[in-house]
Amino acid sequence: MVRAVLKGVLAHKLRLFLTAMAVVLGVSFVAGTFVLTDTINKTFDSLFNEISAGTDVSVRAASGFGEDAPAETLRDTVPASVLEVVRRVPGVQTADGTVSGYAQFVDEAGKAVTTTGAPTLGFNWTDPDLSPLTLRSGREPQRAGEVVVDAVTAKDHDFALGDTVKVLFRGPTEEFTVVGITGFGEADNLAGATLAIFDEGTAQRVFGKVGRFDSVEAKAVEGVSSLDLRDRVRSAVPPGVEVVTSQQVADESADSVQQALGFFGTALLVFAGISLFVGGFIILNTFSILVAQRTRELALLRALGASRRQVMVSVIAEAFLVGLFASLVGLGLGVLVALGLQELLKAFGIDLPAAGAVVRPRTIIASLVVGVGVTVLSSISPARKASKIAPMAALRGTGVEQGGSLRRRSVAGAVVTAVGAGAMLFGLFGGGISLVGLGAALVFVGVALLSPLAAVPMARVIGAPFPLIAGMSGKLGRQNAMRNPRRTAATAAALTVGLGLVACVSVLAASIKSSAADIVDEYLAADYIVSTANFMPSISTDLAPRLAQQPELAAVSGLQTGEWRAQGQSRSIYGADPASVGQVLKVDVTAGDIGGLARGEILVGEEELKDKKLEIGSTLPMTFARTGNQELRIAGTFAKNQLLGSYVVSTATFDANFTDRLDFVVLAKARAGTPPAAARAAVERVTADFPNVELRDQAEFKEQQENQVNQILGLVTALLALSIIIALFGIVNTLALSIFERTRELGLLRAVGMARRQVRSMIRGESVIIAVLGAVLGLGVGVLFGYAIVGALDDEGIGKVVIPGGQLIAYVVLAGIAGVVAAVFPARRAARLDVLAAISHE
Amino acid sequence: MQPATPLSGSVVPAARGVDLVKVYGQGDAAVRALDGVSVGFAPGQFSAIMGPSGSGKSTLMHCMAGLDSITSGQVFVGDVELSSLNDKELTRLRRDRIGFIFQAYNLVPTLSAAENITLPMDIAGRKPDQVWVDRLIDTVGLRQRLSHRPSELSGGQQQRVAAARALASRPSIVFADEPTGNLDSRSSAEVLEFLRKSVHEFDQTVVMVTHDPSAASYAERVVFLADGRIVDEMTSPTAEKVLDRMKSLGD
């Protein structure tokens with residue numbers, strides 16, 4: 001039996017190829033995601049290990065968030081005296097203090113040297129025994145006014161020894177002479193980050209940490225283990241200082257990267273899952289058609305004594321072989337996909353360091369299991385159908401899928417759709433994201449079950465113009481699309497999934513864009529918005545005060561944001577200049593006075609106040625990473641403001657509780673009566689000295705928000721494109737199988753005078769109808785999904801649903817064009833049939 | 001044994017073949033399905049081609065109808081020589097000047113009986129001659145069934161639709177390949193009666209391949225084939241005469 005199956009599979013190589021493609025693409029996506037994230041993880045792992053390679057123990061301020069605070073937590077500094085304490089601990093061979101912060105180079109053209117996501121780091125030159133830095137040329141920085149640059153930045157921006165370069169800091173911009181160029185271990189830089197290295201005194205000064213260190217690193221003498229040294233140092237240092245092994249620091253960093261990547265990997269896997277889900281539809285459909293076409297053959301097997309079980313197993317075995325073959329090919333392609341994904345993400349501004357390609361056993365196992373699993377599961381229903389074929393069917397003629405009543409199927413479809421919709425809504429309004437995903441998948445399955453009901457009327461409407469355009473070929477194409485509603489619907493369903501999600505995301509994006517514009521109108525009073533390209537908190541604290549001095553401007557406030565915790569939960573806090581924030585933002589303070597917000601006081605949003613049962617005048621216990629537990633007095637409350645969150649303090653209060661304060665945005669309002677050109681020129685006069693910032697007025701700001709949403713929409717659409725391509729393969733496959741089934745009919749049509757061109761046009765018509773049918777169903781489902789999700793996001797300030805009509809129509813047109821493309825190959829095959837052979841085809 | 005009459009009088013035959021040779025395969029495996037056949041079919045005549053299986057009768061019909069290519073010789077439909085035509089021209093010739101009735105699977109399942117009848121004209125984008133089509137429909141007796149799909153028609157009805165389709169565009173010649181091969185005797189009689197009527201009353205030209213002597217008896221002239229050659233010809237055949245002749249051919 002197995003040999004018969006194997007022979008059967010190999011006898012139809014083309015069919016094998018088309019069917020396998022659906023699985024190959026999905027599996028390659030899964031494998032590619034694993035390869036990419038594993039590679040990035042490994043790159044970071046080795047990076048962090050390299051950073052801590054020379055040291056055994058790290059001494060740093062304890063975090064207010066406790067011992068398991070994530071690596072990115074901003075800690076307080078430790079006094080320089082700690083270094084002397086550590087150096088005196090027996091067993092310490094060398095120790096040195098590190099101090100680091102934001103430092104961004106400015107190139108010759110006066111533009112800030114930016115990275116694609118990696119930080120722009122500055123720190124002090126430490127003992128070479130402890131440091132991962134390796135000087136390539138020149139020497140270490142020894143005095144004020146000297147800087148060492150990483151090799152990549154030096155090369156990219158032509159920084160040579162002896163050159164004078166400008167560097168941006170939190171405070172004023174300064175000039176330095178390049179005295180050395182360094183690598184990072186073997187590498188030329190640190191995972192894309194730019195490095196500026198100063199002598200200790202300069203670093204402490206420019207980072208605002210005079211007399212202090214971020215951490216003290218120590219290396220043990222031979223014979224003393226890291227753990228021993230840690231315990232020894234621990235007993236020597238003053239309270240509030242934490243001593244950990246360098247390995248732990250590396251692990252914390254690696255963990256935090258892994259966690260960030262984990263989210264990212266999950267997101268990619270979701271898209272891979274969607275592709276496989278679509279692939280499953282196609283496998284199911286293909287095997288259903290194959291079983292129907294082989295009814296006679298299978299019945300003959302039954303008549304010759306094969307049991308039901310054997311027939312069923314033969315179908316599943318074929319699926320298994322196809323799945324295995326496809327998974328292996330997909331796994332191989334996965335490495336290429338990993339590279340492709342990396343390029344795709346880079347195109348959308350997410351640049352991740354990845355060296356080589358890491359293929360873990362987990363990747364291989366997961367790819368095979370998922371690929372074979374999806375294929376085999378999808379073949380079970382057709383296999384069961386096959387096993388129910390009566391031996392008598394061998395004697396009855398045709399092998400066309402039996403029609404039968406759609407009632408049971410439709411009832412099941414309605415139930416599944418309802419359950420899916422319910423699960424989705426429940427998930428959206430509090431049940432969690434995985435419930436939303438499960439619900440959405442169920443809705444798609446339900447719609448697929450229901451769609452044969454809609455297939456005939458919809459195909460009739462969609463295909464209505466065809467007879468007018470292409471005459472008889474158009475008419476026959478339309479009839480062919482309607483003759484087997486199950487098949488048409490199942491083929492279209494694969495496209496429904498992809499386009500449904502694209503439509504949903506489009507609706508979401510359009511709604512977010514419109515709400516973002518509304519938020520600007522409703523809450524933003526400032527005329528000018530100064531920020532970095534990606535709203536990172538890296539605007540010099542010098543900028544806002546200098547803007548405030550411009551006579552053309554009435555009010556200027558920088559905004560800061562940070563994390564605090566209460567009962568283990570993380571929340572955001574905003575810092576602003578109390579004197580001016582009320583003029584740059586439309587804050588509706590309903591109790592208290594924002595202008596008089598003093599040190600140690602906080603404004604809490606009305607909803608939060610009510611929610612947490614807080615009272616004005618009482619104190620709010622808060623935990624900060626740097627300062628630990630603090631109590632702030634609630635000085636007032638304000639109506640919901642999308643731009644200011646729920647907790648607002650003065651910049652002074654913010655500074656007292658956070659290290660390395662940098663503004664993420666500076667807002668400025670022009671003085672009344674000042675011509676816009678003059679006001680803008682005033683802002684530009686100041687921002688010219690800060691090459692890492694960009695200036696926008698309200699309209700430009702809205703446009704930028706829109707662009708950001710568009711970019712995400714583009715990325716998601718690109719990732720969904722794969723599932724759409726798979727769906728198109730499904731159309732190709734179905735058409736090819738249908739043509740095979742209709743060989744005699746095609747022969748007849750050719751015999752009575754249908755030209756090849758007309759045959760092609762007929763197949764094209766059918767293909768376009770299937771594609772547009774799938775697209776229209778998908779858009780319908782997608783728009784409803786969009787409504788549901790926007791409804792659930794009401795709290796996030798996305799108030800109203802916007803349906804991007806033009807865009808959705810464009811999708812339908814594109815689907816039609818895709819239908820034409822999908823028909824190319826089957827149409828050519830059909831047109832090339834030998835008339836005589838076709839007529840006498842059995 | 002007489003040679004086939006090439007031409008009768010000055011009338012241009014509806015179709016004729018000259019020295020037709022059709023070889024399948026190559027070398028030792030080569031089979032001469034047609035071995036120098038010359039035959040003409042006069043307009044307004046109902047002819048039958050008979051012969052044992054493997055005699056080349058279907059091949060002859062396929063070659064005459066432009067469905068199959070010949071190895072050597074010439075085929076004319078009217079005054080058009082087929083070997084000079086490319087696929088597009090052949091397709092148009094089949095569409096406009098030849099009618100087909102096959103043994104089975106003559107109808108497009110997605111089209112109604114009426115749509116099937118006018119299919120060649122619809123493919124050509126031409127308006128059918130409605131008076132003529134109506135006459136055909138009434139003659140085959142399918143007026144009540146016009147809106148039915150093929151799956152809702154009996155085998156005999158389907159073949160009558162096919163026959164009406166073959167004649168609907170007033171072709172120069174209708175080729176019927178075992179048109180009654182799958183039918184019971186009553187349905188066969190209906191189809192054959194219609195074909196005879198179409199020749200006698202409507203002045204059409206029909207060439208039918210069959211191995212059934214009683215079917216052949218409806219024709220005015222029977223051409224016998226054996227081993228790729230024309231071995232005999234009979235006018236005004238009866239079933240008995242045909243059967244006798246066939247027996248002598250060793251069927």
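Looking at an unreviewed UniProt entry, chain A carries the name ABC transporter, fused permease protein, with the source organism given as uncultured Acidimicrobiales bacterium. In its Subcellular location (unreviewed entry) section, the UniProt entry covering chain A states "Cell membrane". Looking at chain A in UniProt, the text filed under Sequence similarities (unreviewed entry) is "Belongs to the ABC-4 integral membrane protein family."

Asks: What should I look at first to understand the overall build of chain A in this one?
Replies: From N to C terminus, chain A includes 24 helices and 24 strands. If one aligns the C-alpha atoms of chain A with their principal axes, the spans along those axes are about 95 × 70 × 55 Å. Residue pairs at least 24 apart in sequence account for 83% of intrachain contacts in chain A once pairs closer than 6 positions are excluded.

Asks: I'm lost on the overall build of chain B in this one. Help?
Replies: Helix and strand content of chain B: 9 helices and 10 strands. Computed over C-alpha atoms, the radius of gyration of chain B comes to 18 Å, within 12% of the 18 Å expected from 2.2 N^0.38 for 251 residues, which places it in the range of a compact globule. The dimensions of chain B, computed from C-alpha atoms along their principal axes, are 50 × 40 × 40 Å.

Asks: Looking at this structure, I do not really get the environment of asparagine 49 of chain A. What am I missing?
Replies: Its location among the elements puts asparagine 49 of chain A in helix H2 (residues 13-51). When the C-alpha positions of asparagine 49 of chain A and lysine 388 of chain A are compared, they lie 61 Å apart, and in sequence the two are 339 residues distant.

Asks: I would appreciate a short explanation of the sheet that holds strand E7 (residues 173-177) of chain B in the present structure.
Replies: Each strand in a sheet pairs with another by means of backbone hydrogen bonds, the pair being arranged parallel or else antiparallel. All names here are of chain B. With mixed pairing, 6 strands are arranged side by side in an open sheet as E6-E7-E8-E3-E9-E10. Looking at the sheet topology across the chains shown, the edges are occupied by strand E6 (98-101) and strand E10 (229-235). Between one strand axis and the next, the sheet turns by 20 degrees as a mean value, whatever way the strands run. Inspection of the sheet shows strand E9 (residues 221-226) paired to E10 by 6 bridges, in the antiparallel sense. Bridge pairing in E10 links alanine 226 to arginine 229. Across the sheet, helix H7 (residues 185-200) is in contact with strand E3 (46-50), E7 and strand E8 (206-209); its angle to E8 comes to roughly 155 degrees.

Asks: I keep staring at unusual backbone geometry and nothing clicks. Help me out?
Replies: For residues besides glycine, phi is generally negative; the peptide bonds are generally trans as well. Residue and element names in this part refer to chain B. Even without glycine at this site, arginine 170 takes up a positive phi of about 50 degrees. The phi torsion at glutamate 178 lies on the positive side, around 50 degrees, for a residue other than glycine. Mapping glutamate 178 onto the fold places it in the loop between E7 and H7.

Asks: Looking at this structure, how should I read the pairing of strand E17 (residues 569-576) of chain A?
Replies: Two faces, one strand: in a regular strand the side chains alternate between the faces of the sheet. Residues and elements named next belong to chain A. In this sheet, E17 lies alongside strand E16 (residues 553-566) in antiparallel orientation, the contact comprising 7 bridges. Within E17, the residue paired with arginine 565 across the bridge is serine 570. Following E16, the chain reverses through 2 residues before pairing antiparallel with E17; glutamine 567 in that reversal takes a positive phi of roughly 50 degrees. Pairing geometry for E17 and strand E22 (residues 647-650), over 3 bridges, is parallel. Bridge pairing in E22 places tyrosine 574 opposite valine 648.

Asks: What should I look at first to understand the interface of chain B and chain A in this one?
Replies: Size of an interface: often given as the accessible area lost when the parts come together. The interface of chain B with chain A comprises 24 residues on the first partner and 21 residues on the second. At the level of elements, helix H2 (87-97) and helix H4 (119-124) of chain B are the ones that each hand at least two residues to the side of chain B that touches chain A. Of all the elements, H2 of chain B adds the most residues to the side of chain B that touches chain A, at 7 residues. Of the residues that constitute the side of chain B that touches chain A, the class distribution is 11 nonpolar, 5 polar and 8 charged.

Asks: Where do I start with the environment of glycine 558 of chain A in this structure?
Replies: Residues and elements named next belong to chain A. Position of glycine 558 relative to the elements: it lies in strand E16. The exposure class assigned to glycine 558 is buried, which follows from the 31 C-beta atoms found within 10 Å. Separated by 107 residues in the primary sequence, glycine 558 and valine 665 place their C-alpha atoms 5.8 Å from one another.

Asks: In this structure, what is going on with the sheet that holds strand E2 (residues 31-41) of chain B? I would like to understand it.
Replies: All names here are of chain B. Taken together, the 4 strands give an open sheet; going across it, the order is E2-E1-E4-E5, and neighbouring strands pair in antiparallel fashion. Of all strands in the sheet, those with a lone pairing partner are E2 and strand E5 (80-81), marking the two edges. Where strand E4 (residues 72-77) meets E5, 2 bridges bridge the pair, whose relative direction is antiparallel. Bridge assignment links phenylalanine 76 to a residue of E5, and that residue is glutamate 81. In the packing of helix H1 (residues 57-64) onto the sheet, contacts are made with strand E1 (15-24), E2 and E4, and the angle to E1 comes to roughly 120 degrees.

Asks: Would you mind showing me how to read the nonpolar core here?
Replies: A general trend in soluble globular proteins is that nonpolar side chains are found buried together. With 331 residues, the main nonpolar core has Val147, Ala668 and Leu773 of chain A together with Leu195 of chain B as its most contacted residues. Look past the residues within four positions of alanine 668 of chain A in its chain and what remains in contact with it is Ala526, Asp527, Tyr528, Val530, Leu547, Leu553, Val556, Val584 and Val683 of chain A.

Asks: Sorry, what's going on with helix H5 (residues 130-140) of chain B here?
Replies: In an α-helix, one turn spans 3.6 residues, which is why side chains three or four residues apart end up on the same side. All names here are of chain B. The set of residues buried in H5 consists of Val133, Leu136, Ile137 and Val140. When H5 is viewed along its axis, its buried side chains cluster within an angular range of 100 degrees and face the same direction. Exposed residues lying more than 90 degrees from the buried face of H5 are Val131, Asp134 and Asp138. Of the surrounding elements, those touching the buried residues of H5 are helix H3 (113-117), helix H6 (155-168) and H7. Glycine 141 sits one or two positions beyond H5 and adopts a positive phi of about 70 degrees.

Asks: Would you explain the packing of H2 of chain A against helix H10 (residues 361-387) of chain A in this entry?
Replies: A pair of packed helices is captured by two measures, namely the crossing angle of their axes and the spacing between those axes. All names here are of chain A. At a closest axis distance of 9 Å, the pairing of H2 and H10 adopts a crossing angle of 160 degrees. One way to sum up the angle between H2 and H10 is to call them roughly antiparallel. Like other packed secondary-structure pairs, H2 and H10 cross with a definite hand, here right-handed. Here Val23, Val27, Val30, Ala31, Phe34, Val35 and Asp38 of H2 come into contact with H10, specifically with Arg362, Thr363, Ala366, Ser367, Val370, Gly371, Val374 and Thr375.

Asks: Whenever I open this one, the environment of aspartate 255 of chain A confuses me. Can you help?
Replies: Residue and element names in this part refer to chain A. One can find aspartate 255 in helix H7 (residues 246-293). The exposure class assigned to aspartate 255 is partly exposed, which follows from the 15 C-beta atoms found within 10 Å. As a C-alpha pair, aspartate 255 and methionine 458 span 203 residues in sequence and 52 Å in three-dimensional space.

Asks: Explain the packing of helix H14 (residues 485-523) of chain A against helix H20 (residues 698-741) of chain A to me, please; I cannot follow it from the model alone.
Replies: All names here are of chain A. At their nearest, the axes of H14 and H20 sit 9 Å apart, and the two run at 180 degrees to each other. One finds that H14 runs roughly antiparallel with respect to H20. Grouping the constituent residues of the contact of H14 with H20 by class yields 21 nonpolar, 9 polar and 4 charged.

Asks: Quick question: what am I supposed to make of helix H22 (residues 756-792) of chain A here?
Replies: Here H22 of chain A contains 37 residues, and its C-alpha end-to-end distance of 53 Å stays within 8% of the 54 Å for a straight helix at 1.5 Å per residue. The element H22 of chain A is extensively covered by neighbouring structure, given that 29 of its 37 residues are classed as buried.

Asks: I would appreciate a short explanation of the UniProt feature "domain: MacB-like periplasmic core" (unreviewed entry) in chain A in the present structure.
Replies: In this structure's numbering, the residues bearing the UniProt feature "domain: MacB-like periplasmic core" (unreviewed entry) are residues 17-235 and 488-685 of chain A. As annotated, residues 488-685 of chain A has a helix share of 36% and a strand share of 31%, and its two end C-alpha atoms lie 65 Å apart.

Asks: Can you walk me through the confidence of the model for chain B in this structure?
Replies: Interpretation of the predicted coordinates at a detailed level should be avoided for regions scoring low in pLDDT. All names here are of chain B. Per-residue pLDDT for chain B averages 88, and the proportion of residues at 70 or more is 95%. Per-element confidence in chain B is highest for E8, whose mean pLDDT is 94, and lowest for helix H9 (residues 239-249), whose mean pLDDT is 85. Across residues 1-10, where pLDDT falls below 50, the model places 13 contacts with residues more than four positions away in sequence or in other chains. Scoring the predicted complex yields pTM 0.81 and, for the interface, ipTM 0.87.

Reading the values: rules and limits
- Residues numbered from 1 in each chain as written.
- Chains lettered and ligands numbered in written order.
- Predicted model: local features only at pLDDT ≥ 70, side-chain atom pairs only at ≥ 80, totals over all residues.
- UniProt positions renumbered as here; feature names shortened; annotations may be inferred.
- Helix = DSSP H or I, 4+ residues; strand = E, 2+ residues; numbered from the N terminus.
- Contact = placed C-beta atoms within 7 Å.
- Rg over C-alpha atoms; globule rule 2.2 N^0.38 Å.
- Pairing = 2+ DSSP bridges.
- Axes fitted to C-alpha atoms, helices over the stretch in contact; angles between N-to-C directions.
- Nonpolar A, V, L, I, M, F, W, Y, C, P; charged D, E, K, R; others polar.
- Buried ≥ 20, exposed ≤ 12 C-beta atoms within 10 Å, placed from the backbone.
- Core = buried A, V, L, I, M, F, W, Y, C linked by C-beta atoms within 7 Å.
- Arc of directions from axis to C-beta.
- Parallel < 35°, antiparallel > 145°, perpendicular 65-115°, else oblique.
- Left-handed = near helix turned anticlockwise from the far one by under 90°.
- Expected span 1.5 Å × (residues − 1).
- pLDDT = per-residue confidence, 0-100.

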